Amino acid sequence: MSNEVQITFDCADPGTLATFWAAALGYEVQAPPEGFDSWEAALAAFGVPESEWNSKSAIVADGRPRVFFQRVPEGKAVKNRVHLDVRVPGTDGECRMEVLEAEADRLEALGATRAYRVEPEPPMELGFITMRDPEGNEFCLD
């Protein structure tokens, strides 16, 4: 048996980040427990105070790590020490940066912002775009 990996984000708004990252990565927001039509109905039935309903969220995709979002009181203060590289399909050819730009545009429409672009310098650097999610967490389109 081997260990599994879950990626966890500390954040201010788990619901918003879960929705963003689900769309960015092709995941789905984790469904509520069986027998409930929504997380709100499940949490109300479990007696969770409404003020805590957006304290946690998760996204899932078959065969891929679960991504978990948990509300924390402190805000983001410095550059991430670990970040996600979002590997965009179709970036093997000469149109690599155009494909990355199209994905950056799509993610901006979902609430991301651009930080900077690194131009290709073969053979060592293929080029990438660094972005920030809606709470400022850095990630790279690669």
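Structural data are supplied above this passage.
Thresholds, definitions, all that
- Residues numbered from 1 in each chain as written.
- Predicted model: local features only at pLDDT ≥ 70, side-chain atom pairs only at ≥ 80, totals over all residues.
- Heavy atoms only, no water.
- Disulfide = S-S within 2.5 Å.
- Buried < 20%, exposed > 50% of the residue type's maximum accessible area, 1.4 Å probe, protein only.
- Pairing = 2+ DSSP bridges.
- Helix = DSSP H or I, 4+ residues; strand = E, 2+ residues; numbered from the N terminus.
- Contact = heavy atoms within 4.5 Å.
- Axes fitted to C-alpha atoms, helices over the stretch in contact; angles between N-to-C directions.
- Salt bridge = Lys/Arg side-chain N within 4 Å of Asp/Glu carboxyl O.

### Focus on the state of the cysteines
And then number 1: Counted according to the given criterion, the structure contains 0 disulfides.
And then number 2: Not engaged in a disulfide, the cysteine C11 finds its nearest cysteine sulfur in C140; these two sulfurs lie 20 Å apart.
And then number 3: Exposure remark for C11: the relative accessible area of 2% places this residue in the buried category.

### Here's the deal with the sheet that holds strand β3 (residues 56-60)
And then number 1: Reading across the sheet, the 4 strands line up as β1-β4-β3-β2 and stay open at both edges, with mixed pairing between neighbours. Two strands lie at the open edges of the sheet, namely β1 (6-11) and β2 (28-29), each paired on one side alone.
And then number 2: Strand contacts of helix α1 (residues 14-25): β1, β2, β3 and β4 (66-71), with the helix running at about 10° to β3, the strand carrying the most contacts.

### Re the pattern of salt bridges
And then number 1: In the structure shown here, the tally under the stated rule is 11 salt bridges.
And then number 2: Its salt-bridge partner being R114, residue E108 comes within 3.2 Å of it at the nearest N-O pair.
And then number 3: Look at E108 and you get partly exposed, because its relative accessible area is 33%.
And then number 4: On the basis of relative accessible area, R114 is assigned to the partly exposed category, the value being 29%.
And then number 5: Here E119 ties to R117 by a salt bridge, and the two come within 2.5 Å at their closest N and O atoms.

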